[in-house]
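# Architecture at a glance
What follows is the residue order along each chain.
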Amino acid sequence: MTYNLLIVDDEPIICRGLTLTIPWKDYGIKIAGSAYDGSEAMEKITELQNIDILITDVQMPVVDGLELAEWIKDNHPHISIIMISGYDEFSYAKQALQSGVQDYLLKPVVVDELLQVITKTTEKIKVRRNSEISSQRTRLENAIYQQILDTRFEKTDHSGEIGTEEIVIFPFLSLIDTSILAIEEMSKEEVVLYKEIWKQSMELCLKTTSYEAVSIYTNKNILLTCLIQKDPISLDHFRSFLQNFSFHPALSFVLSHGGVKISHLRKAYEQLIESIRYLPLSEGNVITVKNGEQPVKRIDSSQSIKQIMTAIDQGNENIEGKIDEIFYYLSENQADLKQTIQVYTDILLNILSRYEKLFNRKFKAMDEQLKEQIDESLYNSNVSLKRLFTKNLTKMYSYFGFKQSNNSDWLINRAEQYIQTHYTSLITAQEVAEHIQISPNYFSTLFKQGTGRSFNEYINQLRIGNAKILLEETLLRVNEIADKVGYQEYKYFVEVFKKLTSLTPTQYRKLVSSKQF
């Protein structure tokens with residue numbers, strides 16, 4: 001620590017002697033100046049505003065040392081006073097002590113005795129400063145908690161001190177980049193220790209560069225750090241400092257655009273939180289809070305949904321490759337975190353809805369998960385979101401019990417189940433394709449490959465097969481049977497029946513009846 005000293009004596013030679021003959025630097029003392037009477041000393045103290053120790057004579061013109069001590073006691077009580085006098089009278093010493101003087105020395109001053117007093121005085125100042133720093137830090141932490149977390153805060157400022165709400169701070173956020181990768185395997189105890197190391201590393205590193213800071217965690221992966229801003233902070237310089245900050249895993253930073261009073265911290269914090277969405281768009285690991293409304297480019301998720309759905313339909317084993325393509329598209333189109341999360345959610349909701357309809361089964365846990373808002377501070381990069389996407393898609397595959405490689409089989413099975421249920425109505429290939437949620441063209445190709453028949457061939461064979469049973473086992477008229485198996489036109493029914501059996505329905509019934517007798 002450095003302590004600023006003002007020497008006051010009406011004899012310039014004494015001021016000069018005290019200034020030059022003692023190795024003040026060895027004791028952490030910086031000579032702030034000299035004054036030749038109490039009035040001049042008052043002016044310098046008022047002007048400099050940073051005096052810690054005052055050495056003063058008693059007898060001086062205009063304003064003497066005792067009057068100066070009284071004025072300091074009333075206006076600058078933090079200044080430690082050492083009084084030097086050539087008068088060995090108890091009344092002076094008593095009055096000096098009553099005026100707040102810490103020590104009283106007699107002329108001629110013995111250097112060793114003065115240095116002992118100086119050492120004792122600096123130790124007291126050091127203890128007081130540390131206590132004040134601790135007290136200010138506590139008040140500052142309380143004020144930050146009140147602003148950010150709405151906790152109760154009792155004002156502890158003393159008369160004459162700057163109110164906590166008037167302190168200017170420079171707030172910024174630090175987040176572990178793709179933190180979910182770093183901490184999800186840790187125990188609770190390890191996470192607590194890890195976060196404490198993160199916080200201490202940040203504050204200690206800042207302290208080495210003369211930045212005093214207070215940090216609090218506002219959620220699992222956001223450390224809010226507030227620099228106590230004594231002088232304006234150069235954003236370029238501070239950005240460079242953070243880019244070189246060494247911590248594993250890497251941290252990302254969101255900086256305020258300038259200092260704010262504690263009373264305005266809540267608004268500044270909200271701006272910092274909102275700006276997390278732009279982390280994927282930054283060239284480095286440091287971004288500055290965005291001011292005002294930012295232009296938002298519309299990101300169309302329909303193509304991404306179609307792309308991933310087609311890959312699933314076709315049993316594509318390279319689903320992760322398709323996911324990579326989607327995230328590359330989002331990156332190329334400068335999608336921020338909110339937009340990327342929306343596309344991710346849209347795709348998974350579509351897939352989940354489809355699986356639940358196909359298998360007639362609800363995946364409640366995944367339903368609930370997708371309804372919850374994704375925490376951008378935890379999933380603050382495309383890497384972590386891609387990993388979450390793949391993880392949840394794998395969960396769906398496992399829950400619904402199928403493999404990517406046999407997707408076409410269960411699609412055809414679902415199609416056949418639907419046809420078996422609805423073949424007696426005016427069912428179309430498009431209707432079936434919509435039910436299993438694939439395109440009509442792809443359905444036609446897939447169905448032919450899976451069954452060896454076109455949709456029309458399949459449904460005609462199904463209908464005629466059931467018509468033959470009705471002809472054999474009932475006395476229904478032929479036109480009634482045609483209607484029951486899904487043919488509204490009698491002539492067309494007869495035409496299809498003859499094409500598949502080489503007989504008309506009537507001929508078929510007669511043939512079957514003759515064989516029974």
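Before any of the text, the structure's been laid out above.
Just so it is clear, the model here is predicted, and its values are computed rather than measured. (Residues numbered from 1 in each chain as written. Predicted model: local features only at pLDDT ≥ 70, side-chain atom pairs only at ≥ 80, totals over all residues. Heavy atoms only, no water.)

### Overview of helix 7 (residues 188–208)
End to end, helix 7 covers 30 Å across 21 residues, agreeing with the expected 30 Å (1.5 Å per residue, within 8%). Among the residues making up helix 7, those that are buried are Val 191, Tyr 194, Lys 195, Trp 198, Lys 199, Met 202, Glu 203 and Leu 206. Angularly, the buried residues of helix 7 cover 155° about the axis, an arc narrow enough to put them on a single face. Along helix 7, the residues that are exposed and aim more than 90 degrees away from the buried face are Glu 189, Leu 193, Leu 204, Lys 207 and Thr 208. Ser 210, located one to two residues past helix 7, shows a positive phi value of around 70°. (Helix = DSSP H or I, 4+ residues; strand = E, 2+ residues; numbered from the N terminus. Expected span 1.5 Å × (residues − 1). Buried < 20%, exposed > 50% of the residue type's maximum accessible area, 1.4 Å probe, protein only. Arc of directions from axis to C-beta.)

### Focus: the packing of aromatic side chains
Taken as a whole and judged by the stated rule, the model has 18 aromatic pairs. Consider the rings of Phe 170 and Phe 238, whose centres lie 5.6 Å apart with planes at 85°: the pair is edge-to-face. With Phe 170 in strand 6 (residues 168–176) and Phe 238 in helix 8 (residues 235–243), this residue pair connects regions lying 68 residues apart in the sequence. An identical accessibility class is assigned to Phe 170 and Phe 238; each is buried. Centre to centre, the rings of Tyr 487 and Phe 493 are 5.5 Å apart; their planes meet at 40°, and the pair counts as tilted. Given a relative accessible area of 0%, Phe 493 falls into the buried group. An aromatic cluster is present here, built from Phe 170, Phe 172, Tyr 211, Phe 238, Phe 241, Phe 245 and Phe 253 joined pairwise through their rings. Lying over the aromatic face of Tyr 217, Lys 195 brings its terminal NZ or CZ to 4.5 Å of the ring centre. Sitting over the ring of Tyr 487, Arg 463 keeps its end group 5.2 Å from the ring centre. (Phe/Tyr/Trp six-rings, centres within 6.5 Å; stacked < 30°, edge-to-face > 60°. Lys NZ or Arg CZ within 6 Å of the ring centre and 35° of its normal.)

### Observations concerning the nonpolar core
Core analysis: the largest hydrophobic core is formed by 95 residues, its most contacted members being Ile 144, Ile 351, Met 396, Ile 419 and Phe 493. No other element matches helix 12 (residues 337–359), which puts 10 residues into this core. Filtering out sequence-adjacent residues up to four positions away, Met 396 remains in contact with Leu 348, Ile 351, Leu 352, Tyr 355, Phe 363, Met 366 and Leu 370. Core analysis: the next-biggest nonpolar cluster, separate from the first, contains 22 residues, Trp 198, Tyr 211, Phe 241 and Val 286 among them. (Core = buried A, V, L, I, M, F, W, Y, C linked by side-chain atoms within 4.5 Å. Contact = heavy atoms within 4.5 Å.)

### Concerning the sheet that holds strand 5 (residues 103–106)
Read from one edge to the other, the open sheet built from 5 strands follows the order 2-1-3-4-5, with strand pairing classed as parallel. The sheet is open, and its two edges are formed by strand 2 (29–35) and strand 5, each paired on a single side. Strand-to-strand twist of the sheet, defined as the mean angle between neighbouring strand axes without regard to direction, takes the value 20°. Relative to strand 5, strand 4 (residues 80–85) runs parallel, the two sharing 4 bridges. Looking across to strand 5, one finds that Ile 82 is bridged to Asp 103. (Pairing = 2+ DSSP bridges. Axes fitted to C-alpha atoms, helices over the stretch in contact; angles between N-to-C directions.)

### With respect to the packing of helix 18 (residues 455–473) against helix 20 (residues 490–501)
With their axes 10 Å apart at the nearest point, helix 18 and helix 20 run at an angle of 95° to one another. In terms of orientation, helix 18 and helix 20 fall into the roughly perpendicular class. Packed against helix 18, whose contacting residues are Asn 460, Gln 461, Ile 464, Ala 467, Lys 468 and Leu 471, the element helix 20 presents Tyr 492, Phe 493, Val 496, Phe 497, Leu 500 and Thr 501 at the interface. Each residue belonging to the contact of helix 18 with helix 20 can be placed in one class, and the counts come to 8 nonpolar, 3 polar and 1 charged. (Parallel < 35°, antiparallel > 145°, perpendicular 65-115°, else oblique. Nonpolar A, V, L, I, M, F, W, Y, C, P; charged D, E, K, R; others polar.)

### Focus: the side chain of Asn 4
Structurally, Asn 4 is set in strand 1 (residues 3–8). Of note is the side chain of Asn 4, whose polar atom sits 2.9 Å from the backbone oxygen of Asn 50. Apart from the residues lying within four places of it in its own chain, the contact partners of Asn 4 are Lys 30, Ala 32, Asn 50, Ile 51, Asp 52 and Ile 53. (Polar contact = N/O pair within 3.5 Å; in protein donor to acceptor, adjacent residues only side chain to side chain.)

### Regarding the layout of surface pockets
If a probe as big as a water molecule is rolled over the atoms, it shows which places are left empty. By volume, the second largest pocket is sized at about 300 Å³. For the second largest pocket, the lining is made up of 15 residues, of which Ile 341, Glu 372, Gln 373, Ile 374 and Asp 375 are closest to its centre. The dominant element in the lining of the second largest pocket, judged by the number of residues it contributes, is helix 12, at 5 residues. Class assignment for the residues of the lining of the second largest pocket results in 7 nonpolar, 4 polar and 4 charged. (1 Å grid on protein atoms, 1.4 Å probe; cavity = no way out; pocket = protein on both sides within 12 Å on 5 of 7 lines; lining within 4 Å. Points joined across faces, edges and corners; volume = space filled by probe spheres on them.)

### Quick notes on the packing of helix 11 (residues 319–332) against helix 12
It is at 11 Å that the axes of helix 11 and helix 12 come closest, and there the two elements cross at 150°. Here helix 11 is positioned roughly antiparallel relative to helix 12, judged by the angle of their axes. Along this stretch, helix 11 crosses helix 12, giving a crossing that reads as right-handed. Taking contact as the criterion, the partners of Ile 326, Phe 327 and Leu 330 in helix 11 are, on helix 12, Thr 340, Val 343 and Ile 347. Considering only residue class, the contact of helix 11 with helix 12 consists of 5 nonpolar, 1 polar and no charged. (Left-handed = near helix turned anticlockwise from the far one by under 90°.)

So, to be careful, I would describe these as geometric facts and stop short of saying anything about function.
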